Every structure is written in structure tokens, then in C-alpha cells.
Amino acid sequence: MLGGKPLEHPIIISGPCSAETEEQTIETAKGLAANGIKIFRAGIWKPRTKPGGFEGVGEEGLEWLKKVKEQTGMFTSTEVATRAHVEAALAAGVDMLWIGARTSANPFAMQEIADALKDGGADIPVLVKNPVNPDLELWIGALERLYNAGIRQLGAIHRGFSAYGKHLYRNLPQWHIPIELRRRLPSLPIIHDPSHIGGKRELVAPLSQQAIDMGFDGLIIESHCDPDCAWSDKAQQVTPDVLNYILNTLVYRDEKQSTENLKILRQQIDELDNELVEVLNKRMRVAREIGQYKKEHRMPVLQIGRHDEIMQSRASLAEEMGMSSEFMRTVLSVIHEESVRQQIEVFNKR
């Protein structure tokens, strides 16, 4: 329910990463409304990783959201990170709030927002993005703070998790984490954010389909009337017409068919296998750096004491996790063999 009206399933939320100008905001909203989108999103306050970037237009943009509602009939939503943001958004009649990944990772900020919502007597939906780091308990803790403040229209946004190095995705999906959230809190709506996970507009469609296949309750997708000229995150935004095409090409599965459960499990296996390959690649990179250090200090490649220590400690850890120690020794032997090969290559370079 939103504003006393039932929402269609799946829930679709769309709009620009940032409200930049009144013209850009309203033009994008009208394009989305013409294609049947009911909930408009736009960042008014934008947390930036480094100072000096565009940090949002501020409260002026709330007036533009009012005009969006007046001219299109859409519900409006924006991100809040402080008590002042909450108070201003509620005063402006914003229909839905979301809390960003940086904020949800901060218990002090979450409590401030929860207190502000309670003090304001808010009875509107609040969506919480997963924290930047893959910590399910932190995500649940953020939701619990809002629930304890009396907020009952709660939802979660899966926007992926930050990771160091180069990857296919801007933020790693780590699908097993929102799946575990669904298992722990089965009645909690979970919205998927393919824009922030993919980081590229060409990844929005396949990620959206994967989320629908996995039973997510909706999508929040960034859309801009002129994405290439966007002031923030232009690479991951699509036009309203492209969004309409993506949504119309999504395939909705019959949840009653037992094969869907198998497909979801296989998708989890594929995702985890990709993560394994990425982790192994990082391990080999470190192995090559160790090889360079050994070369410069005239140390031998193979050090038996270190090898035995790794084998014993990892095998014991595997047993604690319910796996066979022999299985882990086999895996580690293959990994060690490749690590030695990588180091020898470093030794042989002139």
C-alpha cells in the first residue's frame, strides 16, 4: 500500500540518480508516467565518496518533487541520511523514503533517522539499502531500528556490495545475502537495484531478469531524460523509453512450477562460482607479489613449513564448517601448485 492505494506487483520505482534541474526532473517524470510508472525516485541529497563532486541540489529539489506529483499523479521518493533530511522530506509531502548504503552501515545515523521518523509521526514506506559491506546482521539491524521506532511499511533494497579491484559489476550482487534476508524475514519486500549493481546501462536488463527469476518484489531503476548528460552516474541510467522496453521484455515465471526452485539454486551456484574465480585471481596476484619479494631477497620458492601450516589450519576450518578435510586438502593442493607455478614465472623473468 502507498498513500492508501494497493501497488502492482512487481513494484517499479524509477527516476534520475539526481534531481538536477526542475526541467530535467519533470521531463523525466512525465516520460516515466506516460509508460505507466507510478513511483518516481530522485536524489535530492547525494552522498559522494570524495568532496568536490555534485552533492545534490538540496531542499530546492523537494519543490520539484511536489510539481512532479501535481503534474503526473506519481508518488515521489528520495534518499535521506540525517534528521534534517527526514524533516524536510516529510514537510514536503514525499511519499516514500529510502536510506542509502553508506547510511545503513552507520548505526548512529540509522538511530537518528529512526528517531526523526518517530518524532514526525511518519506512516510512509521506508526502504533500506544493504550496507556497502556484505554484513547481513548490519542490514537487519538497520531495519530493526526503524521497526522499533514504529515504522511498519518497511522494505529492503538490494544494491550490491562494494569490493576492491576490477569486476564485471560495479557492486557485487552476492545473491546469497538477500536470499538469506528473505529466509530470515519472509514478509519483508525486497527491491532489486540493477543500476547500482551493474554500473552500466547494458547490465540493467539481465540483472532485472535475474532478480525477477529469483522472486524479488520489485525493481528500482535509474532513468534520465538525457542519461549521457547526467550530473551523476550517467553510465548506469536509461531513458524512460528504454526502461519501458526493458520492463516489457521481462519474462515472469510461474512460481508454482517446481523447476523454478532448481533454476534459482543453479543461479546461486553460478554466482558463487564467479566469486570463487575472482577470489582465486586475487590470490594468484598476491602469490606473484610474494614471488617477486622472494626473488629480490634470494629466498626459495617452496617453503615446506608454510605449506604444512596452511594445509592444517584450512583443513581444520573446513571440518568446523561441515566439509571434509580431505576435500579441502585436495583443493588447497591444486591452488598451491598454481601459486608455485606463478612464482616460478616471476623468478624466470629477466
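Just so it is clear, the structure is predicted and the values come from calculations on it, not from any experiment.

Asker: Could you give me a rundown of a nonpolar patch on the surface, with the residues and numbers involved?
Answerer: A contiguous nonpolar patch, built from Leu317, Met321, Met323 and Phe327 and spanning about 400 Å² of accessible area, is present on the exposed surface. Tracing the backbone through its elements, the reader meets Phe327 in helix α13 (residues 325-348). When its relative accessible area of 44% is taken as the criterion, Phe327 is described as partly exposed.

Asker: Account for a positive patch on the surface, with residues named and values stated.
Answerer: A grouping of Arg285, Arg288, Lys295, Lys349 and Arg350 is seen on the molecular surface, where their side chains present a positively charged patch. Relative to the assigned elements, Arg350 resides in the segment after α13. The class for Arg350 is exposed, based on a relative accessible area of 99%.

Asker: If you had to explain the side chain of Gln210 to someone new, which residues and values would you point to?
Answerer: Of note, Gln210 is situated in helix α9 (residues 204-213). Those residues in contact with Gln210 that lie beyond four places of it in its chain are Trp175, Gln267 and Glu271.

Asker: Can you explain the sheet that holds strand β2 (residues 39-41)? Please cite residues and give values.
Answerer: The strands that make up a sheet are held in pairs by hydrogen bonds between backbone atoms, and each pair lies either parallel or antiparallel. An order of β1-β2-β3-β4-β5-β6-β7-β8 is seen for the 8 strands of this closed barrel, with the pairing classed as parallel. Neighbour-to-neighbour, the strand axes of the sheet open up by a mean angle of 25°, direction not taken into account. The pairing of strand β1 (residues 11-15) with strand β8 (residues 218-222) spans 5 bridges and is parallel. Each bridged residue has a counterpart across the sheet, and for Ser14 the counterpart in β8 is Ile221. Where helix α1 (residues 22-34) meets the sheet, its contacts fall on β1 and β2, and the angle it forms with β2 comes to roughly 150°. Most of the contacts of α9 go to β8, to which it runs at about 165°, and overall it touches β7 (190-192) and β8.

Asker: Tell me about the packing of aromatic side chains, and please be specific about residues and values.
Answerer: The way to describe two aromatic rings as a pair is by their centre distance and the angle between their planes. One pass over the full model with this rule turns up 2 aromatic pairs. Taking 5.2 Å as the distance between ring centres and 85° as the angle between the ring planes, the aromatic pair formed by Phe54 and Trp231 counts as edge-to-face. One end of the pair, Phe54, is in the loop between β2 and α2 (60-72); the other, Trp231, is in the loop between β8 and α10 (240-249), and 177 residues separate them in sequence. On the basis of relative accessibility, which here comes to 22%, the residue Phe54 falls in the partly exposed class. Pairing Trp175 with Phe216 gives two aromatic rings, centres 5.7 Å apart and planes at 80°, and the pair type is edge-to-face. Within this pair, whereas Trp175 is found in the loop between β6 (154-158) and α7 (176-184), its partner Phe216 is found in the loop between α9 and β8, the two being separated by 41 residues in sequence.

Asker: Pulling in residues and values, what's your account of the nonpolar core?
Answerer: With 65 residues, the main nonpolar core has Leu117, Leu146 and Leu181 as its most contacted residues. When residues in this core are grouped by element, the largest group, 6 residues, is from helix α6 (residues 136-148). Residues in contact with Leu181, not counting those within four places in the same chain, are Leu136, Trp139, Ile140, Leu143, Ala156, Leu188 and Ile190. Residues Ile13, Met96, Trp98 and Ile191 belong to the second largest nonpolar core, which totals 10 residues.

Asker: Account for the side chain of Ser195, naming residues and giving values.
Answerer: As for its position among the elements, Ser195 is in helix α8 (residues 194-198). Apart from the residues lying within four places of it in its own chain, the contact partners of Ser195 are Val204, Ile220, Ile221, Glu222 and Gln236.

Asker: How would you summarise the packing of α1 against α2 if you had to cite specific residues and measurements?
Answerer: Between α1 and α2, whose axes approach to 10 Å, the crossing angle comes to 35°. Seen from above, α1 lies across α2 with right-handed handedness. Contacts between α1 and α2 pair Glu22, Thr25, Ile26, Ala29, Lys30 and Ala33 from the former with Trp64, Lys67, Val68, Gln71 and Thr72 from the latter. Considered class by class, the residues forming the contact of α1 with α2 number 5 nonpolar, 3 polar and 3 charged.

Asker: Explain the packing of helix α3 (residues 83-91) against helix α5 (residues 107-119) residue by residue, including any values.
Answerer: A pair of packed helices can be characterised by two numbers: the angle between their axes and the separation between those axes. Closest axis-to-axis distance for the α3/α5 pair is 8 Å, and the angle between their directions is 30°. As summarised for this structure, α3 and α5 are arranged roughly parallel, according to the angle between their axes. When you trace α3 past α5, the crossing you get is right-handed. Here Arg83, Val86 and Leu90 of α3 lie close against α5, whose contacting residues are Glu112, Ile113, Asp115, Ala116, Leu117 and Asp119.

Asker: Can you tell me about the pairing of β6, naming the residues and giving the values?
Answerer: Counting buried positions over the 5 residues of β6 gives 5, a clear majority of the element. Burial along β6 is two-sided: Leu154, Ala156 and His158 facing one way and Gly155 and Ile157 facing the other are all buried. Here strand β5 (residues 126-129) pairs with β6 via 4 bridges, running parallel. Paired with Leu127 across the bridge in β6 is Gly155. Between the parallel elements β5 and β6, the chain passes through α6 in a crossover that is right-handed.

Thresholds, definitions, all that
- Per chain, residues are indexed from 1 in the order of the written sequence.
- With the structure being a predicted model, the display of local features is reserved for residues of pLDDT at least 70 and the display and counting of side-chain atom pairs for 80 or more, all residues being used for whole-chain, interface and lining totals.
- Think of the side-chain values as coming from all heavy atoms in the structure, minus any hydrogens and water.
- For patches, a residue must show more than 30% relative accessible area and have no salt bridge; joins then use 9 Å for like charges and 5 Å for nonpolar side chains, namely Val, Leu, Ile, Met, Phe, Trp and Tyr.
- Per-residue and other accessible areas follow the Shrake-Rupley method at a 1.4 Å probe size, with only the shown protein chains counted as cover for residues.
- In the sections that follow, a salt bridge refers to a side-chain nitrogen of Lys or Arg positioned within 4 Å of a carboxyl oxygen of Asp or Glu.
- Helix numbering and strand numbering both begin at the N terminus, where a helix is a DSSP run of H or I of at least 4 residues and a strand a DSSP run of E of at least 2.
- Between buried and exposed lies partly exposed: a residue is buried under 20% and exposed over 50% of the maximum accessible area for its type, with that area taken using a 1.4 Å probe on protein chains only.
- Counted as positive: Lys and Arg. Counted as negative: Asp and Glu. His and the chain ends are not counted at all.
- Where a charge lies is defined by one atom per residue type: Lys uses NZ, Arg uses CZ, Asp uses CG and Glu uses CD.
- Contact between two residues is taken to exist if any of their heavy atoms lie within 4.5 Å; hydrogens are not considered.
- A pair of strands is considered paired only if DSSP assigns at least 2 bridges between the two.
- Axis definition: a line fitted to C-alpha atoms, over the contacting stretch in the case of helices. Angles run 0 to 180 degrees between N-to-C directions.
- Pairing of aromatic rings covers Phe, Tyr and the six-membered ring of Trp, with a centre-to-centre limit of 6.5 Å; geometry is then stacked below 30 degrees between planes, edge-to-face above 60, and tilted otherwise.
- The nonpolar core is taken to be a set of buried Ala, Val, Leu, Ile, Met, Phe, Trp, Tyr and Cys residues, with the residues joined through side-chain atoms within 4.5 Å.
- We call a crossing left-handed when the near helix sits turned anticlockwise from the far one by less than a right angle, and right-handed when that turn is clockwise.
- Ten residue types, Ala, Val, Leu, Ile, Met, Phe, Trp, Tyr, Cys and Pro, are classed as nonpolar, four, Asp, Glu, Lys and Arg, as charged, and the remainder, Gly among them, as polar.
- Comment on the angle field: the value is read as roughly parallel under 35 degrees, roughly antiparallel over 145, roughly perpendicular from 65 to 115, and oblique elsewhere.
- Whether a crossover is right-handed comes down to one check: with the strands pointing away from the viewer, does the path from the first strand over the helix to the second run clockwise; if it does, it is right-handed.

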